Amino acid sequence: MRQPKIYTYNPKNQKSEFEFYALSKGLNSGKPLDLPCPNCFVISCRNTAELDHYRSLLFGLWKAKAFQSFLVGSVIPFIRIRDFKSFVFEQIEHLKTKDKEFKKDVQHFKALEQKERAMYEQLLLISELKRIYIARHLKR
């Protein structure tokens, strides 16, 4: 797998099929995004496999709060693209030695994400059902 291309988002640039975004400002810097926002970096990949691999890596780094030490700024913290790139590329190099384990963990992660999404939908349905049970007895 080659390293992805990382650059600052500009709405004038052409969007490719295999790219995702990472937030660059705020306390959630490094968080992977599906849709771009004005304060984000673009991570451009060659294919879907690379996209899934790097999105999972960034999500894990963000959840582990690995980007917190790179935040600068007093009012609105942000991460510099130079720091972001070097840290991500360092992590990619580190994972090359553990590629099989990481791919297996990514598959487990995806399965858990699907279960989490299904449980969330069930909780929404239960909440709506509770509201309906009470609402049908109220005077209109």
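Our subject is the structure that appears above.
Residues numbered from 1 in each chain as written. Predicted model: local features only at pLDDT ≥ 70, side-chain atom pairs only at ≥ 80, totals over all residues. Heavy atoms only, no water.

### A look at the overall build of the protein chain
Rules: Secondary structure elements are taken from DSSP: a helix is a run of H or I of four residues or more, a strand is a run of E of two residues or more, and numbering for both begins at the N terminus. Our radius of gyration looks at C-alpha atoms and nothing else; its globule reference is 2.2 Å times the residue count to the power 0.38. Under the scheme applied here, a residue whose accessible area is under 20% of the maximum for its type counts as buried, over 50% as exposed, and between as partly exposed, the area being computed with a 1.4 Å probe on protein chains only. For this analysis, residues touch if any pair of their heavy atoms sits within 4.5 Å. Charge assignment: positive for Lys and Arg, negative for Asp and Glu; neither His nor the chain ends contribute. Just so you know, the charge point we use is NZ for Lys, CZ for Arg, CG for Asp and CD for Glu.
When you go through the protein chain residue by residue, the secondary structure sums to 3 helices and 4 strands. Mapped in sequence order, the helices and strands of the protein chain form the string β-β-β-β-α-α-α. Since a compact globule built from 140 residues should have a radius of gyration of about 14 Å, the 19 Å found for the protein chain marks it as more spread out than a globular shape. Summarising its shape, the C-alpha atoms of the protein chain cover approximately 60 × 40 × 30 Å along the three principal directions. Going through the 140 residues of the protein chain one by one, you find that 30% of them count as buried. A sequence separation of at least 24 residues applies to 64% of the contacts in the protein chain between residues at least 6 apart. Looking at charge distribution, the protein chain has the averaged site of its 26 positive side-chain charges lying 6 Å from that of its 15 negative ones.

### Remarks on the sheet that holds strand β2 (residues 19-23)
The cut-off we apply is this: For two strands to be treated as a pair, DSSP must find no fewer than two bridges joining them. Axis angles are defined between N-to-C directions and span 0 to 180 degrees, where every axis is a line fitted to C-alpha atoms and, for a helix, only to the segment in contact.
The 4 strands are arranged β1-β4-β2-β3 in an open sheet whose pairing can be described as antiparallel. Strands at the two margins of the open sheet, each flanked by one partner only, are β1 (5-8) and β3 (32-33). In terms of strand pairing, β2 meets strand β4 (residues 40-44) through 5 bridges, oriented antiparallel. Its bridge partner lying in β4, Glu 19 is registered against Ser 44. The strands touched by helix α1 (residues 48-63) are β2, β3 and β4; relative to β2, the strand with the most contacts, the crossing angle is about 10°. Of the strands in this sheet, β1, β2 and β4 touch helix α2 (residues 81-95), which is tilted by about 165° from β1.

### Quick notes on the packing of α1 against α2
Let me state the cut-off plainly: Orientation is classified from the angle alone, with under 35 degrees giving roughly parallel, over 145 giving roughly antiparallel, 65 to 115 giving roughly perpendicular, and any other angle giving oblique. Should the near helix be turned anticlockwise from the far one by less than a right angle, the crossing is left-handed, and should it be turned clockwise, the crossing is right-handed.
Their axes nearest at 11 Å, the elements α1 and α2 cross at an angle of 110°. As the angle between them shows, α1 and α2 are arranged roughly perpendicular. Read as a crossing pair, α1 and α2 show a hand that is right-handed. Side by side, α1 and α2 meet where Tyr 54, Leu 57, Leu 58 and Leu 61 of the first sit next to Phe 84, Phe 87, Val 88, Gln 91, Ile 92 and Leu 95 of the second.

### Details of the packing of α1 against helix α3 (residues 99-135)
Note the cut-off: Polar here means any residue other than Ala, Val, Leu, Ile, Met, Phe, Trp, Tyr, Cys and Pro, which are nonpolar, and Asp, Glu, Lys and Arg, which are charged; Gly is therefore polar.
Between α1 and α3, whose axes approach to 10 Å, the crossing angle comes to 80°. Taken together, the axes of α1 and α3 are roughly perpendicular relative to one another. Residue-level contacts link Asp 52, His 53, Ser 56, Leu 57 and Phe 59 of α1 to Asp 99, Phe 102, Val 106, Phe 109 and Lys 110 of α3. Of the residues that constitute the contact of α1 with α3, the class distribution is 5 nonpolar, 2 polar and 3 charged.

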